Amino acid sequence: MPEPKQPEKLIDEKGLRIDGRRLDQLRPLKLEVGLLDKADGSAYIEQGKNKILVAVYGPREAHPKHIAMPERAVIRCRYHMAPFSVDERKSPAPSRREMELSKVIRESLEPVVLTDLYPRTTIDVFIEVLQSDGGSRCAGITAASLALADAGIPMKELVAACAVGKIQGKMALDLSDAEDKYGDADLPVALVPNMGLVTLLQMDGNLTTAEFEQGLSMAMEACKTIHTMQRETLKKKYATIKDAVEEREEPEIVA
Amino acid sequence: MSATPQLPPVAKLEQKTVVDLVTKGKRIDERGLESYRPIQIQVGLIEKANGSAQVFLGKSKVLAGIKIETGEPFPDTPEEGVLTVNAELVPLASPSFEMGPPSEAAIELSRVVDRGIRESKAIDLKSLVIQKGKKVQVVYVDVYVLDHDGNLIDAASMAALAALANSKVAKMEVKGDELVAKGGHHQLPLNNHPVAVTFAKIDKTIVVDPSLEEEQVMSARLTVTIDKNGHLCAMQKGGLYGFTPDELKKAVNLAVAKAAENRAKIMAAAKG
């Protein structure tokens, strides 16, 4: 697929962005849980053109044994992009970028997982980016915390994440690929809403301190919106199970 | 795959001492909460490099060397030179550093230093083009950690900036298909001076420039890289916990002031 050309303007006269969004508007977001059979927990997210699948395995016995910690579970995380997820084929070998993101994503999840309940085990989080469209680390975190919950792992709270950025000198929510590439700054944020805790924060580009503060509050608001959707997604899964159980006819007992 | 790190065992008593002191607004080495350890910078130690600098940040010691060579541009940016930043956690620097492929910490360190230089546009990559699409200057920034006593990000970012400010480039010209040295050197032009400022959260207190002892008890880490206009050009949160929005805003504003102080020291040392 050829790369799209640089757009002339990222914001038009009406203040709308290349995909027709307002500056404070998220891309369409779709969340699903429990769609993989073998994983202990799984989640799928579509945010714009991002398509990301997350599986959680664990708590399970640590392999190799020496990585186990005596007083808590070890969280392991892999953020990985499929070779076909971007314009130019990406080598499937983990890049330095993927290694850094695996680390910061793990660190964004660590504060909420009650790891001390499962000493000497590992909890493995596998994030596969099937298609990437800007903001994939944030979408990955949103889905990863859903997959952890779907695996039934005790957590203090779900983590929601969203990036803000600067395009044509204005702060804009949830940058798409083109906006990230031709914009002036990118600021990914992960938030634990009920703890008021920012667990992922990165930035590149050029921002004044005032723009940073504005961006941070925009991202936090968006995280709260995403957090509500995460909760709904989980509830919906259990409602479906409940309906299925209630609809099932009692088997007749033959004497 | 990234796994929860196994921190080297620190005596409980020592952990408690560090935390108790910080809670009282004091630090184990008697600095203020917002003070850096003494910074010493020497430039030009490595004659074979285009530029070099050694930074002592307290007892942390980092050497940065710049090599500028001719190479090919990336196909998607034919009109730009190439900047490559790499950091090595050399095994001689700490009992916790091991041989082998770069660790997650080394990759994070080099990427955070890279982001500061790249995003502040400190090096004008367009000025490194010798022949469009074919020949460009490639700037290698290699950061060598020699002694690890905490806050390697700031030490590495200072060393990289001082080394770049100390760098000279051979004058080149294209004759036919050949690339020849014209003789003579010129200073590598630097458009910006990014400086990283790192904070550690210890219990509920935020301190600047954590030492190794403080890093071992911190719950979270934040690096804010500030350019010469006082704007943010890179940020990175690390560690197993997080920050409240108020802590972040306070840290960012403090970073602007601290970066200006350190920048003056770095640039003065680089000239000398």
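Now for a quick tour of the structure. Please read these numbers as outputs of a predicted model, since none were measured by experiment. (Residues numbered from 1 in each chain as written. Chains lettered and ligands numbered in written order. Predicted model: local features only at pLDDT ≥ 70, side-chain atom pairs only at ≥ 80, totals over all residues. Heavy atoms only, no water.)

## Things to note about the overall build of chain A
Argument step 1. Along chain A, the regular secondary structure elements total 4 helices and 9 strands.
Argument step 2. Across chain A, helices and strands are ordered from the amino to the carboxyl terminus as β-β-β-β-α-β-α-β-β-α-β-β-α.
Argument step 3. For chain A, whose C-alpha radius of gyration is 20 Å, the value lies close to the compact-globule estimate of 18 Å for 255 residues.
Argument step 4. Each principal axis of the C-alpha distribution contributes one length, and for chain A these read about 75 × 50 × 40 Å.
Argument step 5. Expressed as a percentage of contacts within chain A between residues at least 6 apart in sequence, the contacts between residues at least 24 apart total 67%.
Argument step 6. As presented, chain A carries roughly 12,000 Å² of accessible surface, and 54% of it is formed by carbon and sulfur atoms. (Helix = DSSP H or I, 4+ residues; strand = E, 2+ residues; numbered from the N terminus. Rg over C-alpha atoms; globule rule 2.2 N^0.38 Å. Contact = heavy atoms within 4.5 Å. Areas by Shrake-Rupley, 256 points an atom, 1.4 Å probe, with all protein chains shown as cover.)

## A look at the overall build of chain B
Argument step 1. Each helix and strand in chain B was counted, giving 5 helices and 13 strands.
Argument step 2. At 20 Å, chain B has a C-alpha radius of gyration in line with the 19 Å of a compact globule built from 272 residues.
Argument step 3. Considered along the principal axes of its C-alpha atoms, chain B spans approximately 70 × 40 × 35 Å.
Argument step 4. In chain B, which comprises 272 residues, the proportion classed as buried is 50%.
Argument step 5. Across chain B, contacts joining residues at least 24 apart in sequence account for 68% of those joining residues at least 6 apart.
Argument step 6. For chain B, the computed accessible surface area is about 12,400 Å², with 53% contributed by carbon and sulfur atoms.
Argument step 7. Counting 34 positive and 34 negative side-chain charges, chain B places the centres of these two groups 4 Å from one another. (Buried < 20%, exposed > 50% of the residue type's maximum accessible area, 1.4 Å probe, protein only. Lys, Arg positive; Asp, Glu negative; His and termini not counted. Charge placed at Lys NZ, Arg CZ, Asp CG, Glu CD.)

## Side note on the interface of chain A and chain B
Argument step 1. Counting residues at the interface gives 42 residues for chain A and 40 residues for chain B.
Argument step 2. Both sides of the chain A and chain B interface together cover about 3,600 Å² of buried area, and 57% of this is carbon and sulfur.
Argument step 3. Of all residues in chain A, A:Arg96, A:Glu100 and A:Met203 give up the largest surface area on contact with chain B, accounting jointly for 18% of the area buried on that side.
Argument step 4. Counting across the chain A and chain B interface gives 4 salt bridges.
Argument step 5. Between B:Arg111 and A:Glu100 there is a salt bridge whose closest N-O contact spans 2.3 Å.
Argument step 6. Counting every contact that joins chain A to chain B gives 27 residue pairs in polar contact (both at pLDDT 80 or more). (Buried area = accessible area lost by both parts, 1.4 Å probe. Salt bridge = Lys/Arg side-chain N within 4 Å of Asp/Glu carboxyl O. Polar contact = N/O pair within 3.5 Å; in protein donor to acceptor, adjacent residues only side chain to side chain.)

## What to know about the packing of aromatic side chains
Residues and elements named next belong to chain A.
Argument step 1. With the rule as written, the count across this model stands at 1 aromatic pair over all chains.
Argument step 2. Aromatic side chains Tyr-57 and Phe-126 sit 6.1 Å apart centroid to centroid with 65° between the ring planes, which places their arrangement in the edge-to-face category. With a gap of 69 residues between them, Tyr-57 in strand β3 (residues 50–61) and Phe-126 in strand β5 (residues 121–131) connect regions that are remote in the sequence.
Argument step 3. Look at Tyr-57 and you get partly exposed, because its relative accessible area is 24%.
Argument step 4. The class for Phe-126 is partly exposed, based on a relative accessible area of 23%. (Phe/Tyr/Trp six-rings, centres within 6.5 Å; stacked < 30°, edge-to-face > 60°.)

## Examining the side chain of B:Asn262
Argument step 1. Position of B:Asn262 relative to the elements: it lies in helix α5 (residues 245–271).
Argument step 2. Setting aside residues no more than four positions away along its own chain, B:Asn262 makes contact with B:Tyr36, B:Ile39, B:Met158 and B:Val195.

## As for the pairing of β3(A)
All names here are of chain A.
Argument step 1. Where strand β2 (residues 41–47) and β3 come together, 7 bridges link them in antiparallel fashion. Bridged to Ala-43 within β3 is Val-54.
Argument step 2. Between the end of β2 and the start of β3, which pair antiparallel, lie 2 residues, with Gly-48 showing a positive phi angle near 60°.
Argument step 3. Of the pairings in the sheet, the one linking β3 to β5 comprises 9 bridges and is antiparallel in character. Paired with Glu-61 across the two strands is Thr-121, which belongs to β5. (Pairing = 2+ DSSP bridges.)

## Regarding unusual backbone geometry
Argument step 1. With an omega of 0°, the peptide bond between A:Gly58 and A:Pro59 qualifies as cis.
Argument step 2. At the junction of A:His63 and A:Pro64, the peptide bond is cis and its omega measures out at -10° in the coordinates.
Argument step 3. Here A:Pro64 lies in the loop between β3 and β4 (74–81).
Argument step 4. Although it is not a glycine, A:Asp174 adopts a positive phi angle of roughly 55°.
Argument step 5. By relative accessible area, which is 3% here, A:Asp174 ends up buried.
Argument step 6. Phi angles above zero are rare outside glycine, and B:Asn151 is one such case at about 50°.
Argument step 7. Topologically, B:Asn151 is positioned in the loop between β7 (135–147) and α3 (152–165).

## Comments concerning helix α1 (residues 12–23) of chain B
Argument step 1. When the terminal C-alpha atoms of α1(B) are compared, their 16 Å separation across 12 residues agrees well with the 16 Å that a helix rising 1.5 Å per residue should span.
Argument step 2. Within two residues after α1(B), B:Gly25 carries a phi angle of roughly 85°, on the positive side. (Expected span 1.5 Å × (residues − 1).)

## Remarks on the sheet that holds strand β1 (residues 29–33) of chain A
Argument step 1. Spatially, 6 strands are ordered β1(A)-β2(A)-β3(A)-β5(A)-β4(A)-β1(B) in an open sheet, and the strand pairing comes out mixed. Taken across any chain shown, the strands that pair with only one partner, and hence form the sheet edges, are β1 of chain A together with β1 (2–3) of chain B.
Argument step 2. Pairing of β1(A) with β2(A), which is carried by 5 bridges, proceeds in the antiparallel orientation. Within β2(A), the residue paired with A:Glu32 across the bridge is A:Tyr44.

Such coordinate-based values are descriptive only and should not be taken to indicate function.
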